[in-house]
Amino acid sequence: MAVDRLSEDEIQAMSDDERRALISRLQLPPERVLPRPELVRIHRGVRLTLMVGGSLVLIPWIVYLAVTLPADYQARNWTLTWVGFDILLVAMMATTAYLGWKRRRLLILPAFGTGLLLLVDAWFDVMTAGADDVWLSVGIALVGELPLAALQISGALLLFKFLTEAHPLADPAVSAWRAQLPF
């Protein structure tokens, strides 16, 4: 099999479109990288059905809760609930820090998750605080949890945007936020 070789100068002389065309020819075919199409279709269908169905079921459930839940409630396992949540938050923060330190692309997932957990933590801290503690909870949320959540979520989204747009086959005319999945 004869192989044509491109010199460094020939590669440098290529336009972006010519480089993308070359990369496209050299990449593995989708059938070697992606799961079988029928599995992708089933998995996607199940995910979409569960998310749409869950969203629709939650609407009347939220209305029901808003009408029937008491304004005050004595919770069981209060300490275990909060300590468990904070352990999860620490695990996510540590994972984010470790993957950031190692400069791993997987950082996107725990960074985004940590940001969401911080938003949830701020919400529940403020909403469940007693009259004597509410302003302390609001202050901690405003000074600590919300800014850190914004930093984590925006950092994850910027990293996603960079990785998507830096992909050699990315079409510069299509925003990373509008690019479709290949399957």
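Within each chain, residue numbers correspond to sequence positions counted from 1 in written order. Selection of residues for local features in this predicted model requires a pLDDT of at least 70, selection of side-chain atom pairs for listing and counting requires 80 or more, and totals for whole chains, interfaces and linings are taken over all residues. Computation of side-chain values covers all heavy atoms of the structure but excludes hydrogens and water.

## A short note on the overall build of the protein chain
Working definition: helices are DSSP H or I runs of at least four residues, strands are E runs of at least two. Numbering for both runs from the N terminus. When helices and strands are tallied, the protein chain shows seven helices and zero strands. Walking the protein chain from its N terminus toward its C terminus, one meets helices and strands in the order α-α-α-α-α-α-α. The globule rule puts the C-alpha radius of gyration for 183 residues at 16 Å, and the 24 Å found for the protein chain is more than 25% above it. Overall size of the protein chain, expressed as C-alpha extent along the three principal axes, is 75 × 35 × 30 Å. Only protein chains enter the calculation, and the probe is 1.4 Å; a residue is then buried if its accessible area is under 20% of its type maximum, exposed if over 50%, and partly exposed in between. Taking all 183 residues of the protein chain together, 16% fall into the buried category. Contacts: residue pairs with any heavy atoms within 4.5 Å of one another. Partitioning the intrachain contacts of the protein chain with sequence separation of at least 6 by distance along the chain shows that 60% fall at a separation of at least 24. Neither His nor the chain ends contribute to the count of charged residues, in which Lys and Arg are positive and Asp and Glu negative. All charge positions are set by atom: Lys at NZ, Arg at CZ, Asp at CG, Glu at CD. Charged side chains of the protein chain number 16 positive and 18 negative; the gap between the two group centres comes to 9 Å. Radius of gyration here uses only the C-alpha atoms, and the compact-globule reference equals 2.2 Å multiplied by the residue count raised to the power 0.38.

## Re the packing of aromatic side chains
To pair, rings of Phe, Tyr and Trp, with the six-membered ring standing in for Trp, must have centres within 6.5 Å; the planes then decide the type, stacked if under 30 degrees apart, edge-to-face if over 60, and tilted in the middle. A complete count under the given rule lists three aromatic pairs for this structure. In this structure, K102 is placed above the aromatic ring of W101, and the distance from its NZ or CZ to the ring centre is 5.1 Å. In this analysis the charged atom, NZ for Lys or CZ for Arg, is taken to sit over a ring once it is within 6 Å of the ring centre and within 35 degrees of the ring normal.

## Observations concerning helix 6 (residues 108–128)
Expected helix span is taken as 1.5 Å per residue step, with the number of steps being one fewer than the number of residues. Counted at 1.5 Å a residue, the expected span for helix 6 with its 21 residues is 30 Å, and the 30 Å between its end C-alpha atoms agrees. Here helix 6 has its buried residues at I108, P110, A111, G113, T114, G115, L117, L118, D121, A122 and V126. If you follow the buried residues of helix 6, they end up packed against helix 5 (78–101) and helix 7 (134–166).

## A look at the pattern of salt bridges
The salt bridge criterion pairs a side-chain nitrogen of Lys or Arg with a carboxyl oxygen of Asp or Glu, the two atoms within 4 Å. If you walk through the whole model with that rule in mind, you get three salt bridges. With a closest N to O distance of 2.8 Å, D17 and R20 form a salt bridge. A residue pair is termed a helical-turn pair when its members lie 3 or 4 positions apart in one helix, as D17 and R20 do in helix 2 (residues 16–26) at three residues. Judged by relative accessible area, which is 18%, R20 ranks as buried.

## A short note on the packing of helix 5 against helix 6
Relative orientation and spacing of two packed helices are given, respectively, by the angle between their axes and the distance between those axes. Note on method: axes are straight lines fitted to C-alpha atoms, helices fitted across the in-contact stretch only, with angles between N-to-C directions ranging 0 to 180 degrees. Running from N to C, helix 5 and helix 6 point in directions that differ by 150°, and their axes come no closer than 9 Å. By the angle between their directions, the pair helix 5 and helix 6 is classed as roughly antiparallel. As helix 5 packs across helix 6, the resulting crossing turns out to be left-handed. Here helix 5 contributes W78, W82, F85, D86, L88, L89, M92, M93, T95, T96 and L99 to the contact with helix 6, which in turn contributes P110, A111, G113, T114, L117, L118, V120, D121, F124, D125 and T128. Our angle categories are set so that under 35 degrees counts as roughly parallel, over 145 as roughly antiparallel, 65 to 115 as roughly perpendicular, and the remainder as oblique. Handedness of a crossing follows from how the near helix is turned relative to the far one, being left-handed for an anticlockwise turn of less than a right angle and right-handed for a clockwise one.

## Considerations on the confidence of the model for the protein chain
Across the protein chain, the average pLDDT comes to 88, with 96% of residues at 70 or higher. The pLDDT score gives, residue by residue, the confidence of the prediction method on a 0 to 100 scale. Helix 3 (residues 30–33) is the least confidently modelled element of the protein chain, averaging 71 in pLDDT, while helix 6 averages 96, the highest of any element.

## Topic: the side chain of E145
Considering the arrangement of structural elements, one finds E145 in helix 7. Of the buried charged residues, E145 lacks a salt bridge, with R76 as the closest side chain of opposite charge at 24 Å. With near-sequence residues (within four places) excluded, E145 lies in contact with L118, D121, A122, D125 and I140.

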